[in-house]
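# Notes for the structure review
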Amino acid sequence: MNIERINISQLEEFIHTRKYLSYGIVPITPERAWSQTKNPHAKPDDPALWVALDDSGDLLGFIGSLPAKDYRSGKRLGWNTCWWADPEKGRDAAMPLFYTFLKHWDMQVAFSDMTAHTYSIISQMGFCHTRQEQVCIAYLRFPLKEILHSAKRLTFLLSPVLTIPAVIINLFQALRISTAGHNLKGLEMEIQEEPGEEVWGFIRQYHAHEFTGRRKADFAWITIRKWLSVNSGNQQDMAERYPFSYLCEVFEWKWIITRQDGKIQTVMFVSLRDHVLKVLYFYGESPGFALMALKLLVSQDHRINKIIFGHPRLIRNRRLLNSVLILKRLKKRYTGVSKQLLDEFPRDMVMQLGDGDAVFT
């Protein structure tokens, strides 16, 4: 087995090489490669990717690295962006890839959204402060397509049974959501594509309580360089060859600002991916204003079927969304910060739902 390193400066050339084009599974998409070359925290010789190859040059696995900066200490760090090994041929490649990632960053690494399996491995290794956090998944409409897709072979049995109840429930929900929206007409809410200095000044007040503390330059990079591709019908081959998120029907980012008497109360940076609205960043002391803004937003945008959020203040006040929901549930989110970066990971320090590479997907 041979582990090859691809630096930031090599990414654009790499995705055009014969080797890359010949892989059955690709380790990075063109969109992710182009974005990472514009990362304001990356240096040209920073590794973006390590690939493990067998003696024939076949891909056994890969691991990704997203360079970043710890604004409190000034240290540079690497976010783990992906970790994949061929389930048959690559079993022995997974841990050597992971150790290569850790060694390069001298253990100064962070993990924003791990699988339960990765969380178990990292917790046992003992080099990280790990957390099990909560994420709320709130359903606005009956998720018929989601249920049928997950049912797979049972779809033909479930479809006639569930379709009529789903239509009735969703018609009732449309009325509830519309009524809730009419009752919030007095809410001072703004939707912005690019916030001004007043908003950035408000956000800066909360950097001390965040692990990442993204700045204006970070968001400028994020919103210009998307990682997901809107399905145009000719990218299915890439979607089948890449084992992580790639294709979608809709992907948008928005800034949602609430005010009282003209003064900013809350700021949210949200994404809409297909029918799912995700609150990636929340800033403010008044989560009630933000949750009311979400209710108003879903009454105006009928594409939204589900809301996902994870900020502790929003989680504690999630009941305020009950009037527009048919169901909500909490799931675990696994995060980690190495002890080389933080002596401790205080409970009041927030790792936002968009931290690491999650903001892109």
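This text gives an overview of the structure that appears in the document. (Residues numbered from 1 in each chain as written. Predicted model: local features only at pLDDT ≥ 70, side-chain atom pairs only at ≥ 80, totals over all residues. Heavy atoms only, no water.)

A few words on the overall build of the protein. Helix and strand counts for the protein come out as 12 helices and 14 strands. Over its C-alpha atoms the protein spans a radius of gyration of 22 Å, differing by no more than 12% from the 21 Å that the globule rule assigns to 361 residues. Within the protein, buried positions represent 52% of all 361 residues. Pairs at least 24 apart in sequence give 70% of the contacts found in the protein among residues at least 6 apart. Summing over all exposed atoms, the protein offers an accessible surface of approximately 17300 Å²; the carbon and sulfur share of this is 52%. In the protein, the 46 positive side-chain charges and the 38 negative ones have mean positions that sit 6 Å from each other. (Helix = DSSP H or I, 4+ residues; strand = E, 2+ residues; numbered from the N terminus. Rg over C-alpha atoms; globule rule 2.2 N^0.38 Å. Buried < 20%, exposed > 50% of the residue type's maximum accessible area, 1.4 Å probe, protein only. Contact = heavy atoms within 4.5 Å. Areas by Shrake-Rupley, 256 points an atom, 1.4 Å probe, with all protein chains shown as cover. Lys, Arg positive; Asp, Glu negative; His and termini not counted. Charge placed at Lys NZ, Arg CZ, Asp CG, Glu CD.)

With mixed pairing, the 12 strands of this open sheet are ordered in space as β1-β2-β3-β4-β5-β14-β6-β13-β12-β11-β10-β7. Edge positions in the sheet fall to β1 (2-7) and β7 (188-192), since each of these pairs with one other strand and no more. Geometrically, the sheet is characterised by an average inter-axis angle of 25 degrees between neighbouring strands, direction not taken into account. By the bridge criterion, three bridges tie strand β12 (residues 276-284) to strand β13 (residues 306-309) in an arrangement that is parallel. Within β13, the residue paired with K278 across the bridge is I308. (Pairing = 2+ DSSP bridges. Axes fitted to C-alpha atoms, helices over the stretch in contact; angles between N-to-C directions.)

Moving on: the layout of surface pockets. What the second largest pocket holds in volume is close to 450 Å³. Around the second largest pocket, the lining comprises 22 residues; the ones closest to its centre are P312, R313, R316, R347 and V350. When contributions to the lining of the second largest pocket are tallied by element, the ones reaching two or more residues are β6 (128-139), β12 and α12 (312-316). Here the residues of the lining of the second largest pocket are counted per class, giving eight nonpolar, seven polar and seven charged. (1 Å grid on protein atoms, 1.4 Å probe; cavity = no way out; pocket = protein on both sides within 12 Å on 5 of 7 lines; lining within 4 Å. Points joined across faces, edges and corners; volume = space filled by probe spheres on them. Nonpolar A, V, L, I, M, F, W, Y, C, P; charged D, E, K, R; others polar.)

A separate point is the packing of aromatic side chains. Per the counting criterion, the structure on display carries 26 aromatic pairs. On the basis of an interplanar angle of 65 degrees and a centroid distance of 5.4 Å, the ring pair of F14 and Y20 is categorised as edge-to-face. Among the residues examined, F14 registers a relative accessible area of 8% and is labelled buried. The side chain of R131 reaches across the aromatic face of F345, ending 3.7 Å from its centre. (Phe/Tyr/Trp six-rings, centres within 6.5 Å; stacked < 30°, edge-to-face > 60°. Lys NZ or Arg CZ within 6 Å of the ring centre and 35° of its normal.)

Okay, the environment of I264 next. The topology assignment puts I264 in strand β11 (residues 263-273). Given the relative accessible area of 7%, I264 is considered buried. As a C-alpha pair, I264 and F202 span 62 residues in sequence and 7.6 Å in three-dimensional space. Contact partners of I264, with chain neighbours within four places excluded, come to E198, V199, F202, I257, T258 and R259.

Each α-helix turn comprises 3.6 residues. Residues three or four places apart therefore point the same way. Residues of helix α9 (residues 216-224) that are buried include every one of D218, F219, W221 and I222, and no others. For α9, the angular spread of buried residues about the axis comes to 160 degrees, placing them on one side. Looking at the packing, one finds that the buried side of α9 touches α3 (30-36), β3 (59-69), α8 (197-204), β10 (251-260), β11 and β12. (Arc of directions from axis to C-beta.)

So, on to the packing of helix α4 (residues 94-104) against helix α5 (residues 116-125). A pair of packed helices is captured by two measures, namely the crossing angle of their axes and the spacing between those axes. Two elements in contact, α4 and α5, have axes whose closest approach is 14 Å; the angle formed by their N-to-C orientations is 60 degrees. Judged by the inter-axis angle, α4 sits oblique to α5. For the crossing formed where α4 meets α5, the hand is right-handed. Of the residues in α5, those touching α4 at M95, F98, Y99 and L102 are I121, I122 and M125. (Parallel < 35°, antiparallel > 145°, perpendicular 65-115°, else oblique. Left-handed = near helix turned anticlockwise from the far one by under 90°.)

Time to look at the nonpolar core. Ranked by size, the top nonpolar core spans 35 residues in total, and within it F211 and V267 carry the most contacts. Elements represented by at least two residues in this core include exactly β3, β4 (76-85), α8, α9, β10, β11 and β12. Residues L184, F282, L294 and L296 belong to the second largest nonpolar core, which totals 31 residues. (Core = buried A, V, L, I, M, F, W, Y, C linked by side-chain atoms within 4.5 Å.)

The final tally for this structure, using the stated rule, is three cavities of 30 Å³ or more. Empty space within the largest cavity amounts to approximately 110 Å³. Lining the largest cavity are 16 residues; nearest its centre among them are A68, K69, W79, T212 and R214. Considering every element that reaches the lining of the largest cavity, the biggest residue donor is β3, with four residues. By volume, the second largest cavity is sized at about 50 Å³. Lining of the second largest cavity is provided by P27, I28, R32, Q36, A48, L49, G64, T81, C82, W227 and Y242. Elements supplying a minimum of two residues to the lining of the second largest cavity: α3, β2 (47-53) and β4.

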